[in-house]
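Each chain is listed here by its residues.
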Amino acid sequence: MNYYLAIDIGASSGRHIVGWKENNEIKTEEVYRFKNGVSERDGLLVWDTDALFESVKRGIRSAFEKYKNIKSLAIDTWAVDYVLLNKDGAIAPCYSYRASRTEAAIDEVHRLIPFEELYAETGIQFQPFNTVYQLFDDKIRGRLEYATDFLMIPEHLNYLLTGVKLHEYTNATTTGLVNVRTHEYDRELIEKLALPANLFGKIGRAGTLVGALKKEIAEEVGGQTEVVLCASHDTASAVEGIPMTGNHPYISSGTWSLLGLKVEEAITDEKSRRANYSNEGGVGYFRYQKNIAGMWIVNRLKEEICPEKPFSQIVCEARRSNFNGSVDVNGSAFLAPESMKRAFDDALSATPLTIGDYFRSAFLSLANGYANALEELKANSGKSFDRLYIVGGGAKNTLLNELTEQICKIKVCALPIEATAMGNLKIQIGR
């Protein structure tokens with residue numbers, strides 16, 4: 001029997017999941033899990049990519065200890081962030097998208113290319129942390145002067161495993177520099193921004209072979225296998241993993257909540273731009289979707305006010321609360337506050353009194369954010385919907401699902417499955 005390894009890495013944790021086909025179904029077993037997160041360097045948030053790679057290798061070793069015949073592996077992670085490279089290796093540090101370093105870069109990028117033009121060519125929503133702004137900040141700081149390559153996080157990990165540098169389409173689209181018509185890096189935009197053209201290499205599609213493990217890596221992890229591209233943006237893999245009949249809107253609920261719909265052609269009209277909807281690459285389609293603040297807010301609240309409590313107890317306390325205060329979860333105050341509790345206190349007209357009040361407010365606020373985005377999706381796509389699929393960690397939150405169903409007035413199909421890993425495995429098995 002052939003086995004496949006999905007390495008699914010989020011902003012707070014990563015997991016190695018082995019999958020195989022049995023009776024026409026994909027069976028899975030998690031063999032390794034590790035913590036991930038940012039640290040602070042010179043006042044900015046950064047990723048420890050060396051530690052991340054060590055965790056990746058340890059997980060591969062765990063997989064080989066139990067399953068000898070691993071035909072391939074593929075890595076997906078969050079989008080937007082990347083590693084700069086030169087002949088000596090990675091150029092440190094690797095900044096997190098939450099580092100808040102792009103304010104000057106945004107103004108300069110829009111001076112050279114008005115956002116209306118950027119959106120028309122790439123279809124990517126405005127977010128202050130989009131790769132295009134991060135790269136331009138690197139240019140301002142002189143970090144691109146000696147860079148020979150840039151690779152998104154999963155493609156960088158692939159390179160460390162195989163020695164092969166290959167960009168992947170779904171993740172590349174999140175840079176805000178891939179043309180919606182050609183599906184390749186937009187050389188005209190890159191030239192207008194005077195970014196080094198050599199940074200933007202070949203873009204591969206999901207299912208493409210990257211290469212075999214380097215000999216020294218194979219020896220370290222205890223086995224040899226092929227590394228292939230999945231849809232390396234985790235949301236793209238999650239959408240592939242949804243067992244959906246028909247085409248319905250979805251929410252991939254993790255650190256962020258990504259609400260969207262699969263469409264054949266990018267929708268880049270004025271309504272979409274104003275509503276800040278994105279057209280990110282999928283596997284043979286576009287994901288017309290919007291970023292909504294997700295479980296990041298809930299997790300930060302938990303870390304701050306009740307780190308010892310299990311989520312099951314938190315949800316029970318929120319159920320008992322009658323607090324109905326709601327905030328704009330997409331406001332800048334909630335992106336990376338020093339204190340999430342204080343951000344809620346400042347935004348609410350009445351101060352929550354109990355832990356349950358804070359979390360009920362968070363869940364209500366998320367459900368309201370979903371409702372607003374869903375109304376925009378209906379208006380912009382010209383479609384009506386009778387159900388909403390929710391996958392990812394947030395799908396396990398029964399109270400949030402109930403509030404979403406009530407507020408959005410739609411049937412919620414919550415699937416508390418590892419949809420991202422399933423989509424990752426589906427692409428590998430279907431090669």
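Up top you'll find the structure we're talking about.
Note that the structure is a prediction, hence the values are computed from the model and not measured.

A. Looking closely at unusual backbone geometry. In the segment running from Ala92 into Pro93, the intervening peptide bond is cis, with an omega of -5 degrees. Residue placement: Pro93 occurs in the loop between β8 (89-90) and β9 (94-95). Positive phi values are uncommon outside glycine, yet Val80 reaches one of about 80 degrees. Locating Val80 in the fold gives a position in the loop between β6 (70-76) and β7 (82-86). Phi angles above zero are rare outside glycine, and Asn276 is one such case at about 60 degrees. When you line up the elements, Asn276 lands in the loop between α10 (270-275) and β17 (278-281).

B. Just the packing of aromatic side chains, in detail. Taken as a whole, this structure holds 16 aromatic pairs when the rule is applied. Ring centres of Tyr82 and Phe150 lie 5.6 Å apart, and the angle between their planes is 90 degrees; on these two criteria the pair is classed as edge-to-face. With Tyr82 in strand β7 and Phe150 in strand β10 (residues 149-152), this residue pair connects regions lying 68 residues apart in the sequence. Exposure remark for Tyr82: the relative accessible area of 4% places this residue in the buried category. Residue classification places Phe150 among the buried residues on the basis of a relative accessible area of 0%. Ring centres 5.3 Å apart and planes at 75 degrees place the aromatic pair Phe334 and Phe344 in the edge-to-face group.

C. View of the side chain of Asp138. If you trace the backbone, Asp138 turns up in helix α4 (residues 131-141). On the accessibility criterion, Asp138 (0% relative accessible area) is buried. Once you skip the residues sitting within four places of it in the chain, Asp138 turns out to touch Tyr82, Leu84, Arg101, Arg143 and Leu144.

D. The arrangement of the pairing of strand β1 (residues 3-9) in detail. Counting buried positions over the seven residues of β1 gives seven, a clear majority of the element. Burial of the side chains of β1 extends over both faces: Tyr3, Leu5, Ile7 and Ile9 are buried on one face and Tyr4, Ala6 and Asp8 on the other. Of the strand pairs in this sheet, β1 and β6 are connected by six bridges, and their pairing is parallel. Considered in β6, the bridge of Asp8 is made with Asp76. Two successive antiparallel strands, β1 and strand β2 (residues 13-22), enclose a turn made up of three residues.

Thresholds applied
Residues numbered from 1 in each chain as written. Predicted model: local features only at pLDDT ≥ 70, side-chain atom pairs only at ≥ 80, totals over all residues. Heavy atoms only, no water. Helix = DSSP H or I, 4+ residues; strand = E, 2+ residues; numbered from the N terminus. Phe/Tyr/Trp six-rings, centres within 6.5 Å; stacked < 30°, edge-to-face > 60°. Buried < 20%, exposed > 50% of the residue type's maximum accessible area, 1.4 Å probe, protein only. Contact = heavy atoms within 4.5 Å. Pairing = 2+ DSSP bridges.

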